[in-house]
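A closer look at the structure
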Amino acid sequence: MSTFDALMGGFATALQPGILLYGVGGCFLGTLVGVLPGIGPALTIALLLPLTYKVPAAAMFVLFAGIYYGAMYGGSTTSILINAPGESATMVTAMEGNRMARRGRAGPALATAAIGSFVAGTIGTIALTFFAPWVVEIALAFGPAEYAALSVLALVAVSSVLGNSTLRGLIALAVGLLLGFVGVDLQTGQPRLTFGAAELLDGVEVTVVLVGIFAVGEALFLAWQGHFADGEVMKLSGSVKLSREDWKRSWKPWLRGAALGFPFGALPAGGSELPTLLSYYAEKRLSKHPEEFGKGAIEGVAGPEAANNASAAGVLMPLLTLGIPTSATAAVILSAFQGYGIQPGPLLFTQQSGLVWTLIASLYIGNVILLLLNLPLVGLWVKLLYIPSQWLYAGILVISTVAVYGAGNSLFDVGMLFAFGVLGFAMRRLDIPAAPLIVGMILGPLLEQSMRQALVISQGDWGTFASRPLSASLLAIAAALLVMPRLVSMLRKAPRQESPASDARQ
Amino acid sequence: MISITRRRLLIGASLAPLAAALPRMAFAAPMFESINMFIPAAPGGGWDGTGRAIEAASKSAGLIGGFQFENVSGAGGMVGLPKFVNQRKGMGNALLVGGSVMVGAGIANKSPVTIKDVTPIARLTEEAGVIAVPASSPFKTWKDLENALKANPKAVSVAGGSAGGTDHLLLGMLLRALKLNPKDASYVAFSGGGAAIAAIIGGQVSAGISGYSEFAEQVAAGRMRLLAVSGNKRIPGVDVPTLKELGVPVTAANWRGVFAPPGINAKQKQALIDYMTALNKSQAWKDIVAQRKWSDVFLAGDAFAKELAEDIAETEAAMKELGLA
């Protein structure tokens, strides 16, 4: 019961009016930075770091918790409404969510994202409260070999986002993998594909590519189409609320998304993109309406969005129990701890228990605030679509440019943003899907680096991937997922081919 | 959306500086009206932390009127450095935060602009490297690890930061001191300290190298065991021998300091050195150094420049041996 008591103590602190105000402010600011393409929670929290000299620690971490969770909620909004995901984690949400919006179902898409975020965020926070130490021990069993196997498994799941034409999807994937190789190679320190540009030594920023291809590309595509005023983009019809049918189709994906997202957050690499991708893959496979995928299936919004928020809770596990940051945001929160002279580590829970439990309590409170904040906003957000699209997209262009410039203070990044915008436009014209490109950019380096790390450890023995039980199981699952559907369809086809012959004989 | 978000954006943007400026106490005659602080790294990192700490201490000691910060991140400072050199040339109130990482990054990337192109003002802090093993490791002492390395360096995987960084260089120098070929090092590079720590405490690698502060909490919790430290002296309060004591003539430390742009005159340079000397003596700075567990290795002006030149030469030699330069 001591966990429960400690949590109650945390609630007592976090609910003090002065501190709660920081929480509300954080949720509001977080939703805002989530909505704006290109500005993420990591950058926002980093910009607020100087406040650590002025604001008490408890209030500061409650503020950060609000921003962190708020950004996860807000990120789905622009993805769904205007197909401009600001973070790679919400890209998968955009795939089905934007299709729903185009069919006039923006309201239910936003609602299932908001409620799913709440459900998964709360499940994730409960799991963080009670199971963190155990889950972290499991995560530590993952070495480089397991990451390589996990990346292979995720590559199988990429098949679900390739789109109508496998060839076009694979072209996008290949371009993404190539972009992932740009920069100084981690294992040898040698620059690759940088063409002498110092700005490319750290590689190409995923956010710049994402915002360029989606937001800028979409704006260019609309400009090219030329017919703005007729409001062609999206028409609203039907209720903004979830129907009984929507609820029925959403709750299982929420739970599955939460179950997938939380453990991935705990892994010291893997981030929030892998679980959203795997959730999408799972929902597409399990759905009773697979034909709706690609045209706006609500499961494809509910699952990945839940996975995204649960992984946000999962990320805090290794941070709070071991002092290990597993995402950019966690790394910035870590340096905020250090700003207060607190070294986050395995002893944090014992030495700073008051602060830690206030932070965890504020995550529960933040989830409730965000649900209350976001559900009424659904009605407001969908009205954005009444704004003439030339205004809307001009605004998006301005915000994307400012955000990308502000993140790195670099005109080079702005140039890249527009270069990728042109690429995004070309891809729209040629009907090449954008999601595989982003996935390739994320998975490529993870697969390459972890494979090489594993091979250094095993002194070059490839058997390491098969001899380690965890890695071998992951590879076996990947192989099964790849082979089974084809095997099943072959077995089904086989008797059908026989039947005409037998008919003829009769 | 546009009207709403723009308004909120403006509110949000105006909040941060307002809050940062809250207790601006008036002191008589600051040494500089304002300082342009250039951080060639992202907010939240080590250099940024040093820069913000300088700001906080200078303000509470009344040394400086105000600060403007600019962060340009990338490639161990190699993206920001040319920008600082070009844009701040001859400016007497501009400072750059940098350190040993910048030395190695300039050599590894064969960058046209390096740390040699800025004016050394002062070295402020340093942190010794440590060699650690997982708590469950069969290596109980440095001798155990040394014997394993001598038997077959390739079988001892060592985790650390990116290839060519301070951790990698320390391993290379260790192998050379043990009369082994540095190129045989089984070095596993991880991006970011977190991933390396997870690999070490999870027993995925035989050993790990990093700055002491990265590992301190894991050691305190009994998940890691320190075998040796790379500084000239033992870390205060940490009962771990130095490599020198163990008969391995290797010292290395990750230092941080401040630099002025090129093209400033002797008077401007002296003013900045005086400012840093005053900062280093202030109680506010001492408090921050103690709180962050940094070690104060203040060294200013020409003495610092001389040490820096030696550091660059040593790093270059070590990187050549690892096949990185």
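Residues numbered from 1 in each chain as written. Chains lettered and ligands numbered in written order. Predicted model: local features only at pLDDT ≥ 70, side-chain atom pairs only at ≥ 80, totals over all residues.

Some thoughts on the overall build of chain A
A tally of helices and strands in chain A yields 20 helices and 2 strands. Here the C-alpha radius of gyration of chain A, 23 Å, is about what a compact globule of 506 residues would show, namely 23 Å. On the principal axes, the C-alpha backbone points of chain A span a range of 85 × 65 × 55 Å. With 506 residues in all, chain A has 60% of them scored as buried. In chain A, 81% of the contacts between residues at least 6 apart in sequence involve partners at least 24 apart. (Helix = DSSP H or I, 4+ residues; strand = E, 2+ residues; numbered from the N terminus. Rg over C-alpha atoms; globule rule 2.2 N^0.38 Å. Buried ≥ 20, exposed ≤ 12 C-beta atoms within 10 Å, placed from the backbone. Contact = placed C-beta atoms within 7 Å.)

Focus on the overall build of chain B
For chain B, the count of helices and strands is 11 helices and 10 strands. A compact globule built from 325 residues would reach a C-alpha radius of gyration of about 20 Å, and chain B, at 21 Å, matches this within 12%. Viewed in the frame of its principal axes, chain B has a C-alpha envelope of about 65 × 50 × 40 Å. In chain B, buried positions account for 52% of the 325 residues. The contacts in chain B between residues at least 6 apart in sequence include a share of 77% that link residues at least 24 apart.

Describing the pairing of strand S3 (residues 94-99) of chain B
Each regular strand shows side chains that alternate between the opposite faces of the sheet. Residues and elements named next belong to chain B. Most of S3 is tucked away: 6 of the 6 residues are buried. Neither face of S3 is open: one carries Ala94, Leu96 and Gly98, the other Leu95, Val97 and Gly99, and all of them are buried. Note that strand S1 (residues 32-39) and S3 share 3 bridges and pair parallel. The partner of Met37 across the bridge, within S3, is Leu95. Sheet topology places S3 next to strand S9 (residues 253-260); 4 bridges connect them, and they run antiparallel. Within S9, the position partnered with Gly98 by the bridge is Gly257. (Pairing = 2+ DSSP bridges.)

Remarks on helix H16 (residues 389-408) of chain A
All names here are of chain A. Taking 1.5 Å per residue as the helical rise, H16 with its 20 residues ought to reach 28 Å, and the 29 Å between its terminal C-alpha atoms agrees with that figure. Looking at the buried residues of H16, the elements they touch are helix H3 (41-48), helix H4 (57-82), helix H9 (206-225) and helix H17 (411-429). Positioned one or two residues after H16, Asn409 has a phi angle of 50°, which is positive. (Expected span 1.5 Å × (residues − 1).)

What about the packing of helix H6 (residues 106-140) of chain A against helix H12 (residues 299-322) of chain A?
Residue and element names in this part refer to chain A. Where H6 meets H12, the axes come as close as 6 Å, and the angle between the chain directions of the two elements is 30°. Classified by the interaxial angle, the pair formed by H6 and H12 is roughly parallel. The crossing of H6 and H12 is right-handed. In terms of residue class, the contact of H6 with H12 is built from 23 nonpolar, 9 polar and 1 charged. (Axes fitted to C-alpha atoms, helices over the stretch in contact; angles between N-to-C directions. Parallel < 35°, antiparallel > 145°, perpendicular 65-115°, else oblique. Left-handed = near helix turned anticlockwise from the far one by under 90°. Nonpolar A, V, L, I, M, F, W, Y, C, P; charged D, E, K, R; others polar.)

Looking at helix H18 (residues 435-457) of chain A
Residues lying three or four places apart along an α-helix face the same way, a consequence of the helix completing one turn every 3.6 residues. Residues and elements named next belong to chain A. Under the 1.5 Å per step criterion, the end-to-end length of H18 is 33 Å for 23 residues, consistent within 8% with the ideal 33 Å. In the structure, H18 departs most strongly from a straight axis at Leu443, where the bend amounts to approximately 25° and where the proline Pro445 lies between one and four residues downstream. In terms of residue burial, H18 counts as a mostly covered element, since 20 of its 23 residues are buried. One or two positions beyond H18, positive phi appears at Gln459, with a value near 55°. (Bend = angle between axes of the 7 residues up to and from the residue.)

Remarks on the packing of H9 of chain A against H16 of chain A
Residues and elements named next belong to chain A. For the pair H9 and H16, the least separation of the axes is 10 Å and the interaxial angle reads 155°. The orientation of H9 relative to H16 falls into the category roughly antiparallel. Considering only the axes of H9 and H16, their crossing is left-handed. Facing Val208, Val211, Ala215, Val216, Ala219 and Leu222 of H9, the residues of H16 in contact are Ser389, Tyr393, Ile396, Leu397, Ser400 and Val404.

Quick notes on the domain arrangement of chain B
Residue and element names in this part refer to chain B. For chain B, the assigned domains are domain 1 (30-126 + 254-321) and domain 2 (128-229). Between domain 1 and domain 2, the C-alpha centre-to-centre distance is 29 Å. Between domain 1 and domain 2, the contact holds 10 residues from the first and 11 residues from the second. Of the residues assigned to the side of domain 1 that touches domain 2, the class counts are 4 nonpolar, 4 polar and 2 charged. (Domains from an automatic or database assignment.)

Considerations on the environment of Arg285 of chain A
One can find Arg285 of chain A in helix H11 (residues 273-286). Considered as a pair, Arg285 of chain A and Ser160 of chain A are 125 residues apart in the sequence and their alpha carbons are 8.9 Å apart.

Considerations on the pairing of strand S4 (residues 119-134) of chain B
All names here are of chain B. Burial analysis of S4 places 15 of its 16 residues in the buried class, the great majority of the element. Summarising the sheet, S4 and S9 pair through 8 bridges and their orientation is antiparallel. Along S9, the bridge assignment pairs Pro120 with Phe259. Here S4 runs beside strand S10 (residues 295-300); their pairing, made up of 4 bridges, is antiparallel. Each bridged residue has a counterpart across the sheet, and for Ala122 the counterpart in S10 is Ala300. Bridge count between S4 and strand S7 (residues 207-211): 4 bridges; the pairing is antiparallel.

Section: the interface of chain B and chain A
Contacts between the two partners involve 55 residues from chain B and, on the opposite side, 53 residues from chain A. When residues of the side of chain B that touches chain A are traced back to their parent elements, those giving at least two are helix H1 (2-20), helix H2 (46-60), strand S2 (64-71), strand S6 (186-189), helix H7 (193-201), helix H8 (212-220) and helix H10 (283-292) of chain B. With 7 residues, H1 of chain B is the single largest residue contributor to the side of chain B that touches chain A. Considering only residue class, the side of chain B that touches chain A consists of 28 nonpolar, 20 polar and 7 charged.

A closer look at the environment of Pro325 of chain A
Looking at the secondary structure, you find Pro325 of chain A in the loop between H12 and helix H13 (328-339). Separated by 10 residues in the primary sequence, Pro325 of chain A and Ser335 of chain A have C-alpha atoms spaced 9.9 Å apart. Ignoring anything within four residues of it in the chain, the contact list for Pro325 of chain A reads Leu319, Ala330, Ala331 and Leu334 of chain A together with Gly194 of chain B.

Description of the nonpolar core
Judged by nonpolar contacts, the single largest core of 275 residues is most densely connected at Phe64, Leu110 and Ile438 of chain A together with Leu95, Ala132 and Val158 of chain B. With 18 residues, H6 of chain A is the largest single contributor of residues to this core. Taken domain by domain, this core gets at least three of its residues from each of domain 1 (30-126 + 254-321) and domain 2 (128-229) of chain B. (Core = buried A, V, L, I, M, F, W, Y, C linked by C-beta atoms within 7 Å.)

As for unusual backbone geometry
Residue and element names in this part refer to chain A. The backbone phi angle of Asn83 is positive, close to 55°, even though this residue is not glycine. As for its position among the elements, Asn83 is in the loop between H4 and helix H5 (91-102). Classification of Asn83 by C-beta neighbours within 10 Å gives buried; the count is 23.

Concerning the confidence of the model for chain B
Residues and elements named next belong to chain B. For chain B, per-residue confidence averages 83 on the pLDDT scale, and residues scoring 70 or more make up 90% of the total. Per-residue pLDDT, averaged within each element of chain B, yields its smallest value for H1 (43) and its largest for helix H5 (residues 142-151) (96). Across residues 1-27 the pLDDT falls below 50, and counting only partners more than four positions away or on other chains, this stretch makes 19 contacts in the model. Across the assembled chains, the prediction reports ipTM 0.84 with pTM 0.83. (pLDDT = per-residue confidence, 0-100.)

Considering the confidence of the model for chain A
Per-residue confidence for chain A gives a mean pLDDT of 86, with 94% of residues at or over 70. Per-residue pLDDT stays below 50 along residues 498-506 of chain A; that stretch engages in 0 contacts with residues further than four places along the chain or on separate chains.

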